[in-house]
There are 2 protein chains.
Amino acid sequence: MTTTDYTVTGMTCGHCEGSVRTEVGQLDGVTDIAVSAADGTLRIQSEAPLDDAAVIAAVDEAGYVAVRA
Amino acid sequence: MTTTDYTVTGMTCGHCEGSVRTEVGQLDGVTDIAVSAADGTLRIQSEAPLDDAAVIAAVDEAGYVAVRA
């Protein structure tokens, strides 16, 4: 199990969190997602290390900018 | 044609605007909706005067509080 943390800017509310959760949840191997608009954080649990670019692209698809924390 | 303005508190982003738009759009006779999270405003165009309580209930359903402006 791998835990990866990102800082995500631009989320303001629960809808934003939901958008990020939906997009990141579509990545292969993701088993759990904790996302906080208030803290600007995204923590992903996955079966194996994730492709950083794929995570960043998924968050971008949701409309936000992620950087590895 | 009737124009009715409300002040809506709690919206922070485009997702919030979309939620309000969806709920208010289901009211009978509504022909146009302008909603701004930044300004906290909701302007509704309708064929006839709207039931104030119905509008407030629709905005509540979306998760926000509306008061007649």
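Look up: the structure comes first, before these words.
It should be emphasised that the depicted structure is a prediction, and the values quoted were computed from it without experimental measurement. Residue indices begin from 1 for each chain and proceed along its sequence in written order. Throughout, the order in which chains and ligands are written sets their labels, letters from A for the former and numbers from 1 for the latter. Only residues with pLDDT of 70 or above have their local features reported here, since the model is predicted, and side-chain atom pairs are shown and tallied only from 80 upward, although totals for entire chains, interfaces and linings are computed over all residues. Side-chain figures throughout are based on the complete set of non-hydrogen atoms in the structure, without hydrogens or water.

## Observations concerning the relation of the copies chain A and chain B
Consideration 1: The atoms used to superpose the copies are C-alpha atoms, taken from residues with pLDDT of at least 70 in both, and the fit is least squares. Here chain A sits on chain B after a turn of 180° about the axis and a move of 0.0 Å along it, with an RMSD of 0.0 Å. On the angle and the small slide along the axis, the relation comes out as a two-fold axis.
Consideration 2: Comparing contact sets, 100% of the residues at the interface of chain A also lie at the interface in chain B, consistent with an isologous, same-surface contact. Note on definitions: a residue-residue contact is assigned when non-hydrogen atoms from the two residues lie within 4.5 Å.

## Points about the side chain of Thr4 of chain B
Consideration 1: As for its position among the elements, Thr4 of chain B is in strand β1 (residues 2–9).
Consideration 2: Beyond its immediate sequence surroundings of up to four residues, Thr4 of chain B is in contact with Leu42, Arg43, Ile44, Leu50 and Arg68 of chain B. Under the DSSP-based scheme used, a helix requires at least four consecutive residues in state H or I and a strand at least two consecutive residues in state E, with every element numbered from the N terminus.

## So, the sheet that holds strand β1 (residues 2–9) of chain A
All names here are of chain A.
Consideration 1: Between any two strands, pairing holds if DSSP finds at least two bridges. As summarised here, the arrangement of the 4 strands in space is β2-β3-β1-β4, forming an open sheet in which the pairing is antiparallel. Each of the sheet's edge strands pairs with one partner strand only, and the pair in question is β2 (30–36) and β4 (65–68). Put simply, the sheet's adjacent strands are angled 25° from each other on average, direction ignored.
Consideration 2: Each of β2 and β3 (41–46) touches helix α1 (residues 14–25); the most contacted strand, β2, lies at about 160° to it. Every axis in this analysis is a line fitted to C-alpha atoms, fitted for helices over the stretch in contact. Angles between the N-to-C directions lie between 0 and 180 degrees.

## Let's talk about the pairing of β3 of chain A
Residues and elements named next belong to chain A.
Consideration 1: Remark: exposure states derive from per-residue accessible area (1.4 Å probe, protein chains only) relative to the maximum for the residue type, with buried under 20%, exposed over 50%, and partly exposed in between. Burial along β3 is one-sided: Leu42, Ile44 and Ser46 are buried, and none of Thr41, Arg43 and Gln45, which face the opposite way, are.
Consideration 2: Bridge count between β1 and β3: 6 bridges; the pairing is antiparallel. Note that in β3 the partner of Thr2 across the bridge is Ser46.
Consideration 3: Pairing geometry for β2 and β3, over 6 bridges, is antiparallel. Across the sheet, Asp32 pairs through a bridge with Gln45, a residue of β3.
Consideration 4: The turn linking β2 back onto β3 is made up of 4 residues, and Gly40 within it adopts a positive phi angle of 65°.

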